[in-house]
Amino acid sequence: MPSLINLTRDNEIGANCYCLDFHRQRIVLDAGMHPKRAGNDATPNLSPAASHRTDAIFLTHAHLDHAGCLPLLQLTQPDARVFMSPPTFHLAEPLLFNSVNVMKRQREELNISEYPLFTRRDVQETMKKWQACPLNRWWSLNGEPLADSDKYTLRFRLHHAGHILGSVMVELQTADRRILYTGDICLHNQTLMMSAALPPGPFDLLIVETTRGAQPTERGITRGLIEQELIAAIRTTFQRGGAVLMPIFALGKTQELITLLHQAMRRGDLPADTVLHIGGLGKVFTRIYDETADFSERAHRDLELMRDIRPQIFDLRKIAKFKPKKKHLYLLPSGMMAENTTSNLIAGHFLPHEENSIYFVGYSDPDSPAGRLRRAAADGERVTLNPRHGDHPIRSEVRHFDFTSHANRENLLNFIISAAPKNIALVHGDTDALAWFQQEIPRQLPAANVFIPAPGQRIEF
Ligand SMILES: [Zn+2]
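Just so it is clear, the structure is predicted and the values come from calculations on it, not from any experiment.

Considerations on the overall build of the chain
Helix and strand counts for the chain come out as 13 helices and 23 strands. Taking 461 residues into account, the globule formula puts the C-alpha radius of gyration at 23 Å, and the chain, at 22 Å, falls close to it. On the principal axes, the C-alpha backbone points of the chain span a range of 65 × 50 × 40 Å. Looking at the chain as a whole, 57% of its 461 residues qualify as buried. Pairs at least 24 apart in sequence give 72% of the contacts found in the chain among residues at least 6 apart. Summed over all atoms, the accessible surface of the chain reaches about 19400 Å², with 47% contributed by carbon and sulfur. Taken together, the 52 basic and 51 acidic charged side chains of the chain have centroids lying 4 Å from each other.

So this is what it looks like as structure tokens:
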């Protein structure tokens, strides 16, 4: 009987990792690192998977909370093949190399003795088992392409998930059963990433993310409207002689936002002499958006982001002498303003000056420095972004613009209903978000078995 074990340590947005036993094959879906925890606590609980040989691992996309522990899992399962989309194949390597550097730094700064959890050499070795699989066609679990008419016992297909470059959903099929794992999924068009391409149901098991389950979608609020609000806010900042800091993730949001801002400059909605800055890792990922444009599912393929937009690369070595310049936009990591990241280190130059602005364009965890800043700004209080630098008064403008790359809950619910799954595993959401889907789905699919898989517990279906 097929079964699923949730290998995350809690039901939340954490270190995504799910173990699936299906048709005598052991399959692991994603191997993420928890964005808020450190050391062994940030890893999935891999011990339930260690009892048995893993045949295949699927990596849905190259965000740290899905990919950050892939080498660790592979070191315990050296024979497992790892399947991913062609763009993810290119993105995952620099992501993991950067993660090694961050872990080495944290070993010194935070005294985490188990860091780094793996080395650059481990990444290079384990990469030999990676395979890039083009989308929308069938593959065997041995990594061979299959024609639709080929015989199979268990086959898989990857579908465009619309979240970031290379993000996919994983469909697994035997003669009489179908399973779909969504990974992170977006059901509206972004600037570069087009909406997910949903495979039609029915499915026997749907493993679905629930990130936005606690956020009702406000009527009439479209992405186009949010874009207009952001551009208008930037114009106002420029008119009062200020600069804008956007704390941002290096992969995904950086490329979406520089494209959106470039288009606004071309239309004349922003001054043509606006200067965009991105971080060094942002540059690495932006190049990969360019290099994979011909074989990825993105809009504006003719736009070469590095060549046509020409963002300046922020020089971390000059940070001691940094001063925000007017009409400059600084799109710098990290989106959560984690301590010792560029956005955290330079925010102190923006906050005391009322002509400047800090604009958030994605999710901020309430416990992160970004979450603290948003709360303090709303409450008119001072904020501590890094205990070593003391607290700051907030005189600059602080705002949030909701450029989410996750499906809103109403769209996701409609998809779930149309896919008519017999079993639905709700994952990748905080308690309120999971609860909303658990309450809403049975109203429209009363016969479906809807469950939130408890960490470490085997669920047969
Ligand atoms: Zn993601």
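Focus on the coordination of the zinc ion
Bound to the zinc ion are the protein donor atoms His61 (NE2), His63 (ND1), His163 (NE2) and Asp184 (OD), situated 2.2 to 2.3 Å from the metal. For the zinc ion, the 4 donor atoms are set out with angles of 89 to 173° between them, so the coordination reads as irregular. Look at where the donors of the zinc ion fall in the sequence and you get H-x1-H-x99-H-x20-D. You can see His61 sitting in the loop between strand S4 (56-58) and helix H2 (64-67) and its partner Asp184 sitting in the loop between strand S11 (178-181) and strand S12 (205-209), a full 123 residues away along the chain. Accessibility assignment for this pair places His61 and Asp184 in one class, buried.

Re the sheet that holds strand S22 (residues 449-451)
Here we have 8 strands laid out as an open sheet, ordered S8-S7-S9-S10-S11-S12-S21-S22, and mixed in their pairing. Across the chains shown, the open sheet's two edge strands, defined by having one partner strand only, are strand S8 (145-146) and S22. Where S12 lies against strand S21 (residues 423-427), 5 bridges are found, and the strand directions are parallel. Each bridged residue has a counterpart across the sheet, and for Val208 the counterpart in S21 is Leu426. Where helix H12 (residues 409-419) meets the sheet, it contacts S11, S12 and S21, and its direction lies at approximately 175° from that of S12. In this fold helix H13 (residues 431-444) packs onto S21 and S22, with an angle of close to 160° to the strand it touches most, S21.

Observations concerning the domain arrangement of the chain
On domain assignment, one finds that the chain holds domain 1 (3-215 + 405-460) and domain 2 (223-400). Put simply, the middle of domain 1 and the middle of domain 2, counted by C-alpha atoms, are 29 Å apart. Taken together, both faces of the contact between domain 1 and domain 2 bury some 2200 Å²; the carbon and sulfur share is 64%. For domain 1, the biggest contributors to the area lost against domain 2 are Leu165, Thr191 and Leu192; these three give 33% of the whole. Here domain 1 is connected to domain 2 by 2 salt bridges. Here Lys36 and Asp365 are joined by a salt bridge, their closest N and O atoms 3.0 Å apart.

A short note on unusual backbone geometry
Trans peptide bonds make up most of the peptide bonds, and negative phi angles are found at most residues other than glycine. With an omega of 0°, the peptide bond running from Gly201 to Pro202 counts as cis. With respect to the element layout, Pro202 can be found in the loop between S11 and S12. Despite not being glycine, Asn111 shows a phi value in the positive range, around 60°. Phi at His300 is positive, roughly 50°, even though this residue is not glycine. If you trace the backbone, His300 turns up in the loop between helix H8 (280-291) and helix H9 (305-309). Here His300 falls in the partly exposed class, since its relative accessible area comes to 32%.

Description of the packing of helix H6 (residues 223-239) against helix H7 (residues 253-267)
Between H6 and H7, whose axes approach to 11 Å, the crossing angle comes to 70°. When the interaxial angle is binned, H6 and H7 end up roughly perpendicular. Seen along the crossing, H6 lies across H7 with a hand that is right-handed. Counted together, Arg223, Glu227, Leu230, Ile231 and Ile234 of H6 and Glu256, Leu257, Leu260, Leu261 and Ala264 of H7 form the full contact between these two elements. When grouped by side-chain class, the residues that make up the contact of H6 with H7 number 7 nonpolar, no polar and 3 charged.

Let's talk about the pairing of strand S3 (residues 25-29)
By the criterion of burial, S3 is predominantly enclosed, with 4 of the 5 residues buried. Between strand S2 (residues 18-22) and S3, which pair antiparallel one after the other, the connecting turn spans 2 residues, and His23 there sits at a positive phi close to 55°. Pairing analysis gives 3 bridges linking S3 to S4, with the strands arranged parallel. Residue pairing across strands places Ile27 opposite Ala56, the latter belonging to S4.

Here we look at the pairing of strand S13 (residues 244-247)
Judged by which residues are buried, S13 turns out to be covered on both faces: Val244 and Met246 on one side and Leu245 and Pro247 on the other are all buried. Where S13 and strand S16 (residues 328-332) come together, 4 bridges link them in parallel fashion. Looking at the pairing, Val244 lines up with Leu329 of S16. The pairing of S13 with strand S17 (residues 357-360) spans 2 bridges and is parallel. Among the inter-strand pairings, Val244 is bridged to a residue of S17, identified as Ser357.

What counts as what
- Residues numbered from 1 in each chain as written.
- Predicted model: local features only at pLDDT ≥ 70, side-chain atom pairs only at ≥ 80, totals over all residues.
- Heavy atoms only, no water.
- Helix = DSSP H or I, 4+ residues; strand = E, 2+ residues; numbered from the N terminus.
- Rg over C-alpha atoms; globule rule 2.2 N^0.38 Å.
- Buried < 20%, exposed > 50% of the residue type's maximum accessible area, 1.4 Å probe, protein only.
- Contact = heavy atoms within 4.5 Å.
- Areas by Shrake-Rupley, 256 points an atom, 1.4 Å probe, with all protein chains shown as cover.
- Lys, Arg positive; Asp, Glu negative; His and termini not counted.
- Charge placed at Lys NZ, Arg CZ, Asp CG, Glu CD.
- Donors = N, O, S within 2.8 Å, 3.2 Å for Na, K, Ca; no water.
- Tetrahedral: all angles 85-135°; square planar, octahedral: opposite > 155°, others 65-115°.
- Pairing = 2+ DSSP bridges.
- Axes fitted to C-alpha atoms, helices over the stretch in contact; angles between N-to-C directions.
- Domains from an automatic or database assignment.
- Buried area = accessible area lost by both parts, 1.4 Å probe.
- Salt bridge = Lys/Arg side-chain N within 4 Å of Asp/Glu carboxyl O.
- Parallel < 35°, antiparallel > 145°, perpendicular 65-115°, else oblique.
- Left-handed = near helix turned anticlockwise from the far one by under 90°.
- Nonpolar A, V, L, I, M, F, W, Y, C, P; charged D, E, K, R; others polar.

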